[in-house]
Amino acid sequence: MRLAHQLALESEQITADMVEAAEFPDLVQRYGIRAVPHVVINGRTAFVGALPEAEFVARVLEAAGIATKPGQQS
Amino acid sequence: MLDEPTKARVRERLQALTAPVRLIHFTQELGCETCTDARLLLQDVAKLSERVQLEVYNLQLERAHAAALGIDRVPATVVANGRGARIRFLGLPVGYEFATLLEAILDVSSGHSHLQPETIARLQQIQQPIHLQVYVTPT
């Protein structure tokens, strides 16, 4: 999923991994992955499924402790 | 790994590269089913543009280097430029994820994320490290 990588390119605070789930069964088990894309933020499952850009960013900001709503200006 | 028609298409896309991109790749000889294919794939890509610079390291021999980049499993590939090494692929990027790899190479070279201005502004609020992992399957 390209969006995570795009965020990492834009923010020095973000590191983004694209992980081929089938190759790492220990991680699949750790995060209870049953469907993809499955997004983990700072070691916790954040959401499953593709999200539009604004909502994806909202979830990332939420994980960073910054309250926001999709479409809300900073 | 890549057939000739695919090589031709990838070569054409990589002509858009404006600045060098490093592919920092970690691999190992034993106990890794996809490591050989991943290395061969990246070697194919690197041969298609002089701006793609592939570096291959053995995880077992280069643990400190890997740890500095946050890598502890293989195959792992970091797409890096002079400003950062925060875009990574774990596993063999084939199928749709091969397209994602090419997009990452192009974006890292240009330095442009192609995100909406509102998104870029919101990202500036982040003051602490965030680790995103997106789990996918080959298609």
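Before reading further, recall that the structure is shown in the block above.
Below is a short write-up of the structure. Here the structure is a predicted model, which is why all the values come from computation and not from measurement.

Below, the discussion takes up the overall build of chain B. Each helix and strand in chain B was counted, giving 5 helices and 5 strands. When the helices and strands of chain B are placed in sequence order, the string is α-β-α-β-α-β-β-α-α-β. Here the C-alpha atoms of chain B give a radius of gyration of 15 Å, agreeing with the 14 Å that 2.2 N^0.38 yields for 139 residues. On the principal axes, the C-alpha backbone points of chain B span a range of 45 × 35 × 30 Å. The burial tally for chain B puts 37% of its 139 residues in the buried class.

So, on to the pairing of strand β1 (residues 14–20) of chain A. Burial analysis of β1 of chain A places 7 of its 7 residues in the buried class, the great majority of the element. Burial along β1 of chain A is two-sided: the face carrying Ile14, Ala16, Met18 and Glu20 of chain A and the face carrying Thr15, Asp17 and Val19 of chain A are both buried. Two elements, β1 of chain A and strand β5 (residues 130–136) of chain B, share 7 bridges in a ladder whose sense is parallel. Following the sheet pairing, Thr15 of chain A is matched in β5 of chain B by His131 of chain B.

With that settled, consider the nonpolar core. Counting 57 residues, the largest nonpolar core has Leu7 and Val60 of chain A together with Val79, Ile130, Leu132 and Val134 of chain B as the members making the most contacts within it. Take this core: its biggest share by element is 6 residues, from helix α3 (residues 53–63) of chain A.

Glancing now at the interface of chain B and chain A. Contacts between chain B and chain A engage 41 residues on the former and 42 residues on the latter. For the side of chain B that touches chain A, the secondary structure elements donating two or more residues are β4 (84–90), α4 (96–110), α5 (117–123) and β5 of chain B. Among the elements that line the side of chain B that touches chain A, the one with the most residues is β5 of chain B, at 7 residues. When the residues that make up the side of chain B that touches chain A are grouped by side-chain class, the tally is 18 nonpolar, 15 polar and 8 charged.

So, on to the sheet that holds strand β2 (residues 52–58) of chain B. With respect to topology, 8 strands assemble into an open sheet ordered β3(A)-β2(A)-β5(B)-β1(A)-β4(B)-β3(B)-β1(B)-β2(B), the strand pairing being mixed. In this open sheet, the two strands that pair with only one neighbour each are β3 (44–48) of chain A together with β2 of chain B. With direction set aside, neighbouring strand axes in the sheet form an average angle of 20°. Two elements, strand β1 (residues 21–27) of chain B and strand β3 (residues 76–81) of chain B, share 5 bridges in a ladder whose sense is antiparallel.

What follows covers the environment of Ile33 of chain A. Mapped onto the fold, Ile33 of chain A is located in the loop between α2 (25–31) and β2 (38–41). Here the alpha-carbon distance between Ile33 of chain A and Ala21 of chain A, two residues 12 residues apart in the chain, equals 8.3 Å. Setting aside residues no more than four positions away along its own chain, Ile33 of chain A makes contact with Ala21, Val28 and His38 of chain A together with Tyr135 of chain B.

Below, the discussion takes up the packing of helix α1 (residues 2–10) of chain A against α4 of chain B. It is at 10 Å that the axes of α1 of chain A and α4 of chain B come closest, and there the two elements cross at 20°. By the angle between their directions, the pair α1 of chain A and α4 of chain B is classed as roughly parallel. Along this stretch, α1 of chain A crosses α4 of chain B, giving a crossing that reads as right-handed. Where α1 of chain A approaches α4 of chain B, its residues Arg2, His5, Gln6 and Leu9 of chain A are matched on the opposing element by Thr100, Glu103, Ala104, Asp107 and Val108 of chain B. Taken together, the residues that form the contact of α1 of chain A with α4 of chain B break down as 3 nonpolar, 3 polar and 3 charged.

Cut-offs used in this document
- Residues numbered from 1 in each chain as written.
- Chains lettered and ligands numbered in written order.
- Predicted model: local features only at pLDDT ≥ 70, side-chain atom pairs only at ≥ 80, totals over all residues.
- Helix = DSSP H or I, 4+ residues; strand = E, 2+ residues; numbered from the N terminus.
- Rg over C-alpha atoms; globule rule 2.2 N^0.38 Å.
- Buried ≥ 20, exposed ≤ 12 C-beta atoms within 10 Å, placed from the backbone.
- Pairing = 2+ DSSP bridges.
- Core = buried A, V, L, I, M, F, W, Y, C linked by C-beta atoms within 7 Å.
- Contact = placed C-beta atoms within 7 Å.
- Nonpolar A, V, L, I, M, F, W, Y, C, P; charged D, E, K, R; others polar.
- Axes fitted to C-alpha atoms, helices over the stretch in contact; angles between N-to-C directions.
- Parallel < 35°, antiparallel > 145°, perpendicular 65-115°, else oblique.
- Left-handed = near helix turned anticlockwise from the far one by under 90°.

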